[in-house]
Amino acid sequence: MRLVEPVVPADPVAEAQEDAGDVGSAFVPEERGRRDVRPRGARVGDRRPSAATGPTERGAGLTELPDAQLVILGARGDVSALEQLYRRHAAFAIHLATRIEGSARDVEDIVHDAFLRAFERLGDLVDPAAFRAWLGSIVVHKVRSRMRRARLLGLLGMGKSSEPVDLDALASPAASPHMRAQIAQIYALLQTLPADERIAWILRSVEGHDLETVAQMTDCSLATVKRRISRAQHFLDGHFVDPTSNEASS
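Quick caveat, the model's predicted, so the values are computed rather than measured.

S.K.: How would you summarise the packing of helix α10 (residues 195-206) against helix α11 (residues 211-218) if you had to cite specific residues and measurements?
M.R.: Remark: α10 packs on α11, axes separated minimally by 10 Å, with the N-to-C direction vectors making an angle of 140°. On the basis of their axis angle, the class for α10 and α11 is oblique. The handedness of the crossing between α10 and α11 comes out as right-handed. Here I199, A200, L203 and R204 of α10 lie close against α11, whose contacting residues are L211, V214, M217 and T218.

Have a look at this one:
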């Protein structure tokens with residue numbers, strides 16, 4: 001089974017969407033390995049709850065509130081609401097960063113910084129119900145910045161050009177050795193691509209987001225996202241080698 005299918009000329013990202021289920025199912029589920037790593041900054045923890053916030057909302061009832069209400073309470077300074085947002089979306093942020101990076105190294109630092117940034121700017125969120133996608137865009141931005149910096153340092157001979165692929169952090173326990181080998185090869189190829197193309201392809205083909213969401217998370221136009229995914233897909237089509245094909249021909 002191939003992870004990367006040929007791109008259809010009429011729709012350069014159609015195959016990437018079709019492959020999202022096959023590729024994504026081989027990766028670590030979001031709920032696996034959920035860790036409670038709270039943001040390090042005391043700035044959030046020092047904020048006092050608003051006097052308008054009732055005891056029920058600050059207590060166990062917070063777990064029942066939708067993101068939109070938690071965002072509103074958090075913007076008013078309700079620390080319990082901020083903590084609930086963190087607990088609800090930490091695993092999503094960690095796995096998103098890990099899949100884009102291809103490694104779990106420094107991911108928790110990235111997620112901590114992303115949450116702190118989000119909490120500092122809650123008042124800027126136009127649609128409070130869209131907190132998860134908004135947080136995802138912040139994580140993407142921070143991972144992208146780190147990838148670009150690492151790439152530059154590598155070119156200057158001041159660091160590694162790329163991180164080794166961490167299969168234990170990426171592959172599901174149910175993934176076969178063959179599937180793990182495919183994941184390793186795909187990520188090795190992705191590491192040679194520009195950060196923007198790599199991120200767009202992973203968000204679409206691994207995370208399974210629709211094109212509009214990918215455009216929002218990467219802060220670019222729909223046309224630009226399509227071009228990035230198409231270029232990445234074309235590169236993978238030209239360089240990916242399925243081990244089963246070689247075995248069948250030998």
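S.K.: Describe in detail helix α4 (residues 67-75), supporting the description with residues and values.
M.R.: Within α4, burial applies to D67, L70, V71, L73 and G74. Seen along its axis, α4 keeps its buried residues to an arc of 165°; they face one direction. Taken from the residues just after α4, G77 is the one with a positive phi, measuring 105°.

S.K.: Which residues make up the confidence of the model for the chain, and what values do they have?
M.R.: Interpretation of the predicted coordinates at a detailed level should be avoided for regions scoring low in pLDDT. Summary statistics for the chain give a mean pLDDT of 77 and a share of 68% for residues scoring 70 or more. Per-element averaging of pLDDT across the chain places helix α2 (residues 42-45) at the bottom with 36 and helix α12 (residues 222-239) at the top with 96. Within the model, pLDDT remains below 50 along residues 1-22, and this stretch shows 51 contacts once partners closer than five positions in the same chain are excluded. Under a pLDDT of 50 for its full length, residues 31-53 has, in the predicted model, 54 contacts with residues more than four places off or in other chains.

S.K.: Please give an account of the packing of α4 against helix α5 (residues 79-101) that cites residues and values.
M.R.: Relative orientation of the contacting elements α4 and α5 amounts to 140°, with a least axis distance of 8 Å. By the angle between their axes, α4 is oblique relative to α5. Pair α4 / α5 crosses with left-handed handedness. Between α4 and α5, the contacting residues are D67, L70, V71, L73 and G74 on the first element and A81, L82, Q84, L85, R88 and H89 on the second. A class-by-class count of the residues in the contact of α4 with α5 yields 6 nonpolar, 3 polar and 2 charged.

Here is what the cut-offs are and how they apply
- Residues numbered from 1 in each chain as written.
- Predicted model: local features only at pLDDT ≥ 70, side-chain atom pairs only at ≥ 80, totals over all residues.
- Heavy atoms only, no water.
- Axes fitted to C-alpha atoms, helices over the stretch in contact; angles between N-to-C directions.
- Helix = DSSP H or I, 4+ residues; strand = E, 2+ residues; numbered from the N terminus.
- Parallel < 35°, antiparallel > 145°, perpendicular 65-115°, else oblique.
- Left-handed = near helix turned anticlockwise from the far one by under 90°.
- Contact = heavy atoms within 4.5 Å.
- Buried < 20%, exposed > 50% of the residue type's maximum accessible area, 1.4 Å probe, protein only.
- Arc of directions from axis to C-beta.
- pLDDT = per-residue confidence, 0-100.
- Nonpolar A, V, L, I, M, F, W, Y, C, P; charged D, E, K, R; others polar.

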